[in-house]
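# Observations on the model geometry
Listed here are the chains, written in short residue letters.
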Amino acid sequence: MLKNKKIVYFCQECGYESAKWMGQCPGCKAWNSFVEEPVSTVKKSAAGGKASIRQQSEPVILKDISLKEDERQTTKIGELDRVLGGGIVPGSLVLVGGDPGIGKSTLLLQVCRNLAEKQTVLYVTGEESLAQIRMRASRIGAMCPGLLILPETDLEAIFQAADHLSPQTLIVDSIQTIQSDTS
């Protein structure tokens, strides 16, 4: 087999793709319609050309890996910081899950309040109205000038707002309400 190539089988009738040849296509039920085609595994860049050749990784001795003590941002919520290993790692993604009504949104708003004392935080709400967020924020004392609320469910609009505002923290409540028109 050629380097950076793999063999894939496609149904000539409906385009169904399979890693192995099959007598009958599970997609359209056509018989003997699979053909073998080589497919390149070289990644394309965003511009459409071939991606630059990635340098080979080298092993590193574990004890030689440096750690920065200031890498994590504390949420000032002791138990949450403990679960997160000392706070939020910049650039990371944290998924907060639980049963409905358990307090996820309230917890996230408390985190926003604490982080917004020193940075800009964008809180995207896909389920609740601005008035509902304001009432909860008043109740828990989260009226910080660094806390911005965006009622939005369109992913592209969220990306545009984040690009425009450049928040240090972005919270989406709740992820299952977000949709995108791009495929």
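Because the structure is predicted, anything quoted here is derived from the model rather than measured.

Moving on, we get to unusual backbone geometry. Residues Asp173 and Ser174 are joined by a peptide bond in cis, for which omega reads 15°. Its identity is not glycine, yet Ser166 carries a phi of approximately 50°, on the positive side. Within the secondary structure layout, Ser166 lies in the loop between helix 4 (155-165) and strand 6 (169-173).

Here we take up the state of the cysteines. For the coordinates displayed, the defined rule picks out zero disulfides. You can see Cys14 has no disulfide; the closest cysteine sulfur is in Cys25, sitting 3.6 Å from it. By relative accessible area, Cys14 is classed as partly exposed at 41%.

A separate point is the sheet that holds strand 5 (residues 147-151). The three strands are arranged 5-4-6 in an open sheet whose pairing can be described as parallel. Since the sheet does not close on itself, it has two edges, and those belong to strand 5 and strand 6, each with one partner. Along the sheet, successive strands turn relative to each other by an average axial angle of 20°, direction set aside. As defined by bridge partners, strand 4 (residues 121-125) adjoins strand 6 across five bridges and the pair is classed as parallel. Within the sheet, the bridge partner assigned to Thr125 lies in strand 6 and is Asp173.

Turning next to helix 4. Taken together, the buried positions of helix 4 are Ile158, Ala161 and Ala162. The arc enclosing the buried residues of helix 4, seen along the axis, measures out at 100°, which places them on a common side. Of the exposed residues in helix 4, the ones pointing more than 90 degrees away from its buried face are Gln160, Asp163 and His164. Residues of helix 4 that are buried sit in contact with strand 4 and strand 5. Just downstream of helix 4, Ser166 is the residue with a positive phi angle, here 50°.

For the pair helix 2 (residues 104-115) and helix 3 (residues 130-140), the least separation of the axes is 10 Å and the interaxial angle reads 65°. Between helix 2 and helix 3 lies a crossing whose hand is right-handed. Residues Ser105, Thr106, Leu109, Gln110 and Arg113 of helix 2 lie in contact with helix 3, whose contacting residues are Ile133, Arg136, Ala137, Arg139 and Ile140. Considered class by class, the residues forming the contact of helix 2 with helix 3 number four nonpolar, three polar and three charged.

Right, let's talk about the pairing of strand 4 for a bit. With five of five residues buried, strand 4 is to be regarded as a mostly interior element. Bridge count for strand 4 against strand 5 is five bridges, and the pairing is parallel. Bridge assignment links Tyr123 to a residue of strand 5, and that residue is Ile149. In this view, the connection linking strand 4 to its parallel neighbour strand 5 by way of helix 3 has right-handed handedness.

What counts and what doesn't
Residues numbered from 1 in each chain as written. Predicted model: local features only at pLDDT ≥ 70, side-chain atom pairs only at ≥ 80, totals over all residues. Heavy atoms only, no water. Helix = DSSP H or I, 4+ residues; strand = E, 2+ residues; numbered from the N terminus. Disulfide = S-S within 2.5 Å. Buried < 20%, exposed > 50% of the residue type's maximum accessible area, 1.4 Å probe, protein only. Pairing = 2+ DSSP bridges. Axes fitted to C-alpha atoms, helices over the stretch in contact; angles between N-to-C directions. Arc of directions from axis to C-beta. Contact = heavy atoms within 4.5 Å. Left-handed = near helix turned anticlockwise from the far one by under 90°. Nonpolar A, V, L, I, M, F, W, Y, C, P; charged D, E, K, R; others polar. Right-handed = clockwise from strand over helix to strand, strands pointing away.

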